[in-house]
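Given next are the chains, with one letter for each unit.
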Amino acid sequence: MSVRSAHVLGGADDFTGRLAHYIGRVRAGEPIAVHREIHPTTFISHDEIVEFIDWAARADFTGPVNAASHTPLTVIELSETVALGTGGAATYVVTDTENASPFSFDRYYPMSNGRAESLGFAFSRVTEWLPAAVEESRHA
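Parameters and conventions
Residues numbered from 1 in each chain as written. Predicted model: local features only at pLDDT ≥ 70, side-chain atom pairs only at ≥ 80, totals over all residues. Heavy atoms only, no water. Helix = DSSP H or I, 4+ residues; strand = E, 2+ residues; numbered from the N terminus. Polar contact = N/O pair within 3.5 Å; in protein donor to acceptor, adjacent residues only side chain to side chain. Expected span 1.5 Å × (residues − 1). Buried < 20%, exposed > 50% of the residue type's maximum accessible area, 1.4 Å probe, protein only. Arc of directions from axis to C-beta. Contact = heavy atoms within 4.5 Å. Axes fitted to C-alpha atoms, helices over the stretch in contact; angles between N-to-C directions. Parallel < 35°, antiparallel > 145°, perpendicular 65-115°, else oblique. Left-handed = near helix turned anticlockwise from the far one by under 90°. Nonpolar A, V, L, I, M, F, W, Y, C, P; charged D, E, K, R; others polar. Phe/Tyr/Trp six-rings, centres within 6.5 Å; stacked < 30°, edge-to-face > 60°. Patch = residues over 30% accessible without salt bridge, like charges linked within 9 Å, V, L, I, M, F, W, Y side chains within 5 Å. Areas by Shrake-Rupley, 256 points an atom, 1.4 Å probe, with all protein chains shown as cover. Salt bridge = Lys/Arg side-chain N within 4 Å of Asp/Glu carboxyl O.

Caption draft 1: Examining the environment of Arg 58 more closely. Assignment of secondary structure puts Arg 58 in helix α2 (residues 46-58). Sequence separation between Arg 58 and Gly 120 is 62 residues; the distance between their C-alpha atoms is 12 Å. One polar contact links Arg 58 to Asp 54, side chain to side chain, over a distance of 3.0 Å.

Structure follows, in C-alpha cells:
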C-alpha cells in the first residue's frame, strides 16, 4: 500500500510556509501572484492526513490510494478564505509560471479520493477545516 497525499495545510509547525505566504500577503495588502488561467487543486488538513495514514496502515488492501479532502479549491478561493480569517482583502496580479504563488497552478491539479472512500474512509470537506487552519497559521 502507498499513500499519495494532497497538499497538507494547517498546524502551528507547518514548515512549508505556503499558507503563511498567503496570510502574509493579505495582511500586508500585497497582491497574490496567479496564473492567467486558474486551476484548482486538492488539500487535506494535517489532522486528517494523520488519521488517514493510521487508517490505511490498519486496512487490508494493496496498491496506491489518494488522500484528499473533498472540494478542490483554486488559489482565489483559498486566498478569499485567508482574507476572511485575517480581516484583510486579497488582491491579485497575473504573472508567468515561474513567479506564481505556491498554490497557483497552470494545469488542473486535483486528485480523486474515490478509491479510499470505496475502501471505507470518509473524508471531510476543505471548507470544514480551512478556516481553523488559517487561524492556527495566523498565530504560529
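There is more to say after this.
Caption draft 2: Broad picture of α2. Counted at 1.5 Å a residue, the expected span for α2 with its 13 residues is 18 Å, and the 19 Å between its end C-alpha atoms agrees. All of the buried residues along α2 are Glu 48, Ile 49, Phe 52 and Ala 56. For α2, the buried positions fall inside an angular range of 95° around the axis, keeping them on one side. Of the exposed residues in α2, those oriented more than 90 degrees away from the buried face are Asp 47, Val 50, Ala 57 and Arg 58. Along its buried surface, α2 packs onto β1 (2-5), β2 (7-9), β4 (43-45), β5 (64-67), α4 (114-118) and α5 (126-138).

Caption draft 3: Spatial organisation of the side chain of Ser 45. When you line up the elements, Ser 45 lands in strand β4. Relative accessible area serves as the criterion here: at 9%, Ser 45 is assigned to the buried category. At 2.9 Å, the side chain of Ser 45 and the backbone nitrogen of Glu 48 are in polar contact. Beyond its immediate stretch of four places on either side in the chain, Ser 45 contacts Val 8, Leu 9, Ser 69 and Trp 129.

Caption draft 4: How the structure looks around the packing of helix α3 (residues 75-86) against α5. Relative orientation of the contacting elements α3 and α5 amounts to 60°, with a least axis distance of 9 Å. The angle between the axes of α3 and α5 places the two elements in the oblique class. In the packing of α3 onto α5, the handedness of the crossing is right-handed. Residues Leu 78, Thr 81, Val 82, Gly 85 and Thr 86 of α3 form the contact with α5, whose own contacting residues are Leu 130, Pro 131, Val 134, Glu 135 and Arg 138. Considering only residue class, the contact of α3 with α5 consists of five nonpolar, three polar and two charged.

Caption draft 5: Spatial organisation of unusual backbone geometry. Located in the positive-phi region is Thr 71, a residue other than glycine, with phi close to 80°. Looking at the secondary structure, you find Thr 71 in the loop between β5 and α3.

Caption draft 6: Just the packing of aromatic side chains, in detail. Tallied over the full model, the rule gives nine aromatic pairs. With a centroid separation of 5.4 Å and 35° between ring planes, the pair formed by Phe 52 and Trp 55 is classed as tilted. Placement of the pair is Phe 52 and Trp 55 together in helix α2, with a separation of three residues, close to one helical turn. Pairwise contacts between aromatic rings join Phe 52, Trp 55, Phe 61, Phe 121 and Phe 123 into one cluster.

Caption draft 7: Seen up close, a nonpolar patch on the surface. A contiguous nonpolar patch, built from Met 1, Val 3 and Ile 53 and spanning about 250 Å² of accessible area, is present on the exposed surface. With respect to the helices, strands and loops of the structure, Ile 53 is situated in helix α2. Owing to a relative accessible area of 44%, Ile 53 belongs among the partly exposed residues under this scheme.

Caption draft 8: Examining α5 more closely. Between the first and last C-alpha of α5 there are 18 Å, a value that for 13 residues agrees with the 18 Å anticipated at 1.5 Å per step. Those residues of α5 that sit buried are Val 126, Trp 129, Leu 130, Ala 133, Val 134 and Ser 137. Projected down its long axis, α5 carries its buried residues within an arc of 150°, all on one side. Those residues of α5 that are buried lie in contact with β2, α1 (18-28), β4, α2 and α3.

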